Amino acid sequence: MVEVRIVEVRMVEVRIVEARIVEARIVEAQIVEARVEKVQIVDAQIVEARALKARIVEARALKARIVEAQMVEVQALKVLEAEEVQVEAEEVQVEAEEVQVEAEEVQVEVEEVQVEVEEVQVEAKEVQVEVEEVQVQLVEVHLLVKRIKSLNRWTLLMTVKRQNKTWMVSLKRRLLLISASNGFSQPTQLRMYNYADATMFEYFLACFPSNLVDEICILMMQKGREQRKGCPFTVTKGDFWLFMGYLLYILCHPMDLPIQDYWEGPLSTKYESCSAFVKHDIGKFGLSYGRFRRLMQAFTLPQYPAIEGKNDPFCFIRRFVDEWNVAMQHCISPGKFLVVDESMGQWLGKGMPGLMYVARKPTPNGREGHTTADAETGCIIFYEVYEGKILMAEKEHVNELGAGTAIALRLTAPWVHSGRIVILDSGFAILKTAIALAEVGLYMIGNVKTAHSGFPKKWLNSQVSQRGDRACATHSFTMHGRQMDVLAAIDKDKQPMSLIGTAGTTSMGTTLERHFTVRHSSGEWQTRTATLEQWHIHELYRANFNAIDKHNSKRQGATSFEDTWKTHSWWVRDYQILFGMSEVNAFLLWNKFKPSHAMSMTQFRLQLCHQMLTNQWIQEEREAACRKVIPCDEEEDTDTVHELVHCDRGHCRMCGVVTRWRCACTPQSGTASGKKRNDASAMFLCPASKRRCLILHIKGVKPQNLKQQSALRRWSDTTETT
């Protein structure tokens with residue numbers, strides 16, 4: 001049985017195996033069929049791809065043929081256009097040749113016309129020369145006839161030789177005509193924008209090197225911090241002009257008392273018994289006496305970069321002088337007459353290079369400055385520092401022309417070849433100077449006293465003996481191909497006046513009137529008037545020679561800027577001199593170009609001082625400080641407003657400084673005087689400490705005594721600005 005079952009089992013297994021083999025064969029047949037179908041599909045795709053590729057090749061070939069056809073068409077079009085352009089170019093060339101022929105014909109006609117015009121011009125010039133000669137002859141004949149009527153006899157011309165210079169002279173009555181035929185007659189012009197509506201301070205800024213103010217402020221801050229050992233020290237443009245305004249205020253109100261007394265307020269009784277004492281209280285303008293002193297100590301001027309191996313003793317002032325001269329040249333275009341003379345600056349200290357003593361000067365101790373002025377306005381427009389005999393000998397033109405002539409050339413250098421007439425003092429007026437100025441296109445009239453080299457002074461003096469006598473001579477020289485004459489003329493007034501010039505005439509000018517008093521034997525005084533005739537050249541000299549002297553008298557009157565600002569630094573004195581010149585120049589220009597607002601020097605100085613004390617920069621700084629947001633650590637009531645507002649005078653509740661500002665959080669109940677001034681209900685605060693007092697007030701700090709106020713003030717001076 002067991003074997004039968006095993007056989008059955010094996011049979012079953014054989015059947016199963018056979019069934020599996022059949023299934024495998026069926027699957028294999030299906031796989032073969034699938035592969036065949038796949039191969040057929042791939043073959044079909046390959047056929048389609050080949051057909052597509054053939055189509056693409058055909059399309060590309062067709063495209064290439066189209067492109068070639070288009071290129072052929074383009075080339076054909078280009079050839080056609082080129083041919084058309086060439087035809088047009090040939091036509092244009094033909095037209096250009098025709099135009100050129102016409103232009104040549106026109107040019108020939110123009111040249112013929114030009115030749116005719118030149119011939120006419122030559123004829124016109126010849127006629128003009130003949131007319132001028134006739135006019136000159138007529139004038140001479142007219143003047144000679146007029147003179148002959150008043151003369152009994154004439155003397156012959158004679159020659160006088162002085163140091164190889166030949167002068168044609170006549171005895172007393174010979175009439176000579178020497179005239180500057182330059183035609184320059186323009187009046188002084190003010191190169192200031194909208195000067196008709198400008199303020200006095202703007203006139204002053206035009207006469208001052210304002211471009212240096214910012215640099216001066218930076219140098220003052222650096223010097224002030226060095227002096228205060230690194231403590232904060234700020235100088236703004238507004239502070240600088242406020243400082244200058246304070247100095248000008250002291251100049252306007254002189255008094256024989258210490259300078260700090262200008263800060264004494266209405267409560268001061270220190271000098272109440274002195275009737276001459278005026279209570280000024282200038283601290284109300286925002287500058288305390290302590291800061292004023294610190295600004296004065298920190299004052300300095302910009303300098304040129306130092307040159308290695310060269311020691312320049314005038315380096316402290318040289319750049320400021322140069323910038324001042326440039327500022328005046330930009331401000332004023334002078335008129336016909338320029339005046340050259342010296343200006344003395346007082347100095348009683350030590351250490352000033354070039355120090356001298358000139359007994360004839362109002363301030364004999366000091367140093368001279370060589371100056372040029374515009375005679376029409378009286379303004380000094382050029383300044384040269386006298387640097388001592390050694391350094392002045394190294395200046396330009398000294399070796400070849402001498403010191404006096406070299407100074408005259410340097411002082412008139414900005415206006416060469418302008419045809420102006422230079423009025424010279426006796427220190428520069430020599431024959432050599434007249435010739436040198438003529439070489440650079442300037443004319444001259446000068447007074448001859450001791451420097452008379454080549455000048456017939458001895459002969460001229462011998463020809464005049466009484467008031468009203470006159471004599472003259474001429475010297476001829478050739479300059480740039482034309483002959484020029486130098487006139488020597490003497491006129492006897494109380495003292496004889498000898499002039500040398502390349503301008504002016506010996507025709508009669510305006511009559512002088514002299515007023516003098518005499519005492520009779522009875523003891524009575526009587527005023528008499530005498531008239532004196534003068535030549536035209538003397539009239540020109542007397543009308544213009546004292547322009548610089550008048551300027552100096554305005555600058556150095558009863559009180560001057562030098563008297564106000566006491567200093568041990570000589571270069572500060574030079575700055576004071578130029579500052580004073582700028583002030584006087586502004587005053588003269590104001591009266592000249594705004595005659596309806598003309599005023600005296602004192603009135604002008606007072607108003608200029610006020611405009612400096614309230615200058616626009618300090619006003620902008622204060623307004624910006626009032627608008628500045630104050631930081632606060634604690635929340636405050638939204639109804640409380642903390643800002644500085646202007647009020648009556650009082651003491652700051654934080655630092656004790658006199659102020660005219662209070663906080664808006666408290667009403668003003670104090671007044672400008674009396675016990676109520678420091679009433680506790682008014683919170684007076686000081687804005688000059690960069691708003692630290694207001695910050696302390698907002699933070700709740702309330703000092704109770706002067707010791708705490710002094711400590712807070714020291715803290716305010718040594719802490720950086722918040």
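None of these values were measured; they are calculated from a predicted model.

## Quick look at the overall build of the protein chain
Scanning the protein chain from N- to C-terminus turns up 19 helices and 17 strands. Expressed as a percentage of its 722 residues, the buried residues of the protein chain come to 39%. Looking at the protein chain alone, contacts between residues at least 24 apart form 65% of all its contacts between residues at least 6 apart. As displayed, the protein chain has an accessible area near 42,100 Å², and 54% of this comes from carbon and sulfur atoms.

## Focus on helix H3 (residues 213–227)
An ideal rise of 1.5 Å per residue puts 21 Å on 15 residues; H3 measures up with 21 Å between its terminal C-alpha atoms. Along H3, the positions that sit buried rather than exposed are Val213, Ile216, Cys217, Met220, Met221 and Gly224. Along the axis of H3, the buried residues cluster in a sector spanning 140°; they form a single face. Considering only its buried residues, H3 is in contact with helix H4 (237–252) and helix H5 (289–298). At the exit of H3 stands lysine 229, carrying a positive phi of roughly 60°.

## Looking at the pattern of salt bridges
Taken as a whole and judged by the stated rule, the model has 12 salt bridges. Between arginine 291 and aspartate 239 there is a salt bridge, with its nearest N and O atoms 3.2 Å apart. Residue arginine 291 is found in helix H5, and its partner aspartate 239 is found in helix H4; the two are separated by 52 residues along the sequence. Aspartate 239 gets classed as buried once you look at its relative accessible area, which sits at 8%. We note a salt bridge from aspartate 312 to arginine 318, for which the minimum N-O separation is 2.8 Å. Note on arginine 318: relative accessible area 23%, which makes it partly exposed. Salt bridges sharing common partners tie together Asp312, Arg318, Glu387 and Lys395.

## Structural notes on the nonpolar core
Among the nonpolar cores identified, the biggest contains 136 residues, and Trp241, Met244 and Phe299 are the most heavily contacted of them. In terms of residue count, helix H15 (residues 570–593) provides more of this core than any other element does, 15 residues in total. Not counting chain neighbours up to four residues away, the residues in contact with phenylalanine 299 comprise Ile216, Met220, Lys223, Phe240, Phe243, Met244, Trp565, Trp571, Val572 and Tyr575. With five residues, the next largest nonpolar core counts Met356, Val358, Tyr386 and Met392 among its residues.

## Topic: the packing of H3 against H4
Put simply, H3 and H4 touch, their axes get as near as 9 Å, and they point 90° apart. The pairing of H3 with H4 is recorded here as roughly perpendicular in orientation. Where H3 approaches H4, its residues Val213, Asp214, Ile216, Cys217 and Met220 are matched on the opposing element by Lys237, Phe240 and Trp241. Looking at the contact of H3 with H4 residue by residue, the class counts come to six nonpolar, no polar and two charged.

## Some thoughts on the packing of aromatic side chains
This structure, assessed with the given rule, holds 32 aromatic pairs. The lysine or arginine in question, arginine 291, covers the ring of phenylalanine 233, its NZ or CZ lying 5.5 Å from the ring centre.

## Overview of helix H9 (residues 403–411)
Most of H9 is tucked away, with seven of its nine residues classed as buried. Along H9, the residues that are buried comprise Thr405, Ala406, Ile407, Ala408, Leu409, Arg410 and Leu411.

## A look at the pairing of strand E13 (residues 496–501)
Counting buried residues along E13, five of its six residues qualify, which places the element largely inside the surrounding structure. Here strand E10 (residues 443–448) runs beside E13; their pairing, made up of four bridges, is antiparallel. Within E13, the residue paired with asparagine 447 across the bridge is leucine 499. Sheet topology places strand E12 (residues 482–492) next to E13; six bridges connect them, and they run antiparallel. The residue bridging leucine 487 from the neighbouring strand is glycine 501, located in E13.

## Side note on the side chain of glutamine 534
Considering the arrangement of structural elements, one finds glutamine 534 in the loop between strand E15 (525–532) and helix H12 (536–544). At 2.7 Å, the side chain of glutamine 534 forms a polar contact with the side chain of arginine 542. For glutamine 534, the contacting residues outside a window of four places in its chain are Asp491, Ser507, Met508, Gly509, Thr510, Leu512, Glu539 and Arg542.

## Notes on the confidence of the model for the protein chain
Taken residue by residue, the protein chain gives an average pLDDT of 79. The fraction at 70 or more is 80%. Counted against residues more than four places away or in other chains, residues 669–680, with its pLDDT under 50, gives 26 contacts. Here residues 711–722 is modelled with pLDDT under 50, and outside its nearest four sequence neighbours on either side it reaches 24 contacts, counting other chains as well.

## Section: the environment of arginine 555
Structurally, arginine 555 is set in helix H13 (residues 547–555). Counting along the chain gives 29 residues from arginine 555 to valine 584, while the straight-line C-alpha distance between them is 6.4 Å. Once residues within four sequence positions are removed from consideration, arginine 555 is found in contact with Ser343, Met344, Ser560, Glu562, Ile577, Gly580, Met581 and Val584.

## Here's the deal with the packing of helix H6 (residues 315–331) against H15
Two elements in contact, H6 and H15, have axes whose closest approach is 10 Å; the angle formed by their N-to-C orientations is 10°. One finds that H6 runs roughly parallel with respect to H15. In this structure, H6 contributes Phe316, Ile317, Phe320, Val321, Trp324, Met328 and Cys331 to the contact, and H15 contributes Trp570, Trp571, Asp574, Tyr575, Leu578, Met581, Ser582, Asn585 and Leu589.

## Quick notes on a nonpolar patch on the surface
On the surface, a cluster of nonpolar side chains totalling about 350 Å² of accessible area is made up of Met1, Val2 and Ile6. Looking at the secondary structure, you find valine 2 in helix H1 (residues 2–150). Valine 2 sits in the exposed class, given a relative accessible area of 58%.

## Comments concerning unusual backbone geometry
The residue histidine 397 is not glycine, and still its phi comes out positive at about 75°. By secondary structure assignment, the location of histidine 397 is in the loop between helix H7 (389–392) and helix H8 (398–401).

## Considerations on the side chain of threonine 371
Take threonine 371: it is sitting in strand E7 (residues 365–374). Residue classification places threonine 371 among the buried positions, given a relative accessible area of 0%. Of the polar contacts made by the side chain of threonine 371, one reaches the side chain of serine 343; its length is 3.4 Å. Contacts of threonine 371, omitting those with residues within four sequence positions, involve Val339, Val340, Asp341, Glu342, Ser343, Ile380, Phe382, Tyr383, Leu411, Ile548 and Met581.

Parameters at a glance
Residues numbered from 1 in each chain as written. Predicted model: local features only at pLDDT ≥ 70, side-chain atom pairs only at ≥ 80, totals over all residues. Heavy atoms only, no water. Helix = DSSP H or I, 4+ residues; strand = E, 2+ residues; numbered from the N terminus. Buried < 20%, exposed > 50% of the residue type's maximum accessible area, 1.4 Å probe, protein only. Contact = heavy atoms within 4.5 Å. Areas by Shrake-Rupley, 256 points an atom, 1.4 Å probe, with all protein chains shown as cover. Expected span 1.5 Å × (residues − 1). Arc of directions from axis to C-beta. Salt bridge = Lys/Arg side-chain N within 4 Å of Asp/Glu carboxyl O. Core = buried A, V, L, I, M, F, W, Y, C linked by side-chain atoms within 4.5 Å. Axes fitted to C-alpha atoms, helices over the stretch in contact; angles between N-to-C directions. Parallel < 35°, antiparallel > 145°, perpendicular 65-115°, else oblique. Nonpolar A, V, L, I, M, F, W, Y, C, P; charged D, E, K, R; others polar. Phe/Tyr/Trp six-rings, centres within 6.5 Å; stacked < 30°, edge-to-face > 60°. Lys NZ or Arg CZ within 6 Å of the ring centre and 35° of its normal. Pairing = 2+ DSSP bridges. Polar contact = N/O pair within 3.5 Å; in protein donor to acceptor, adjacent residues only side chain to side chain. pLDDT = per-residue confidence, 0-100. Patch = residues over 30% accessible without salt bridge, like charges linked within 9 Å, V, L, I, M, F, W, Y side chains within 5 Å.

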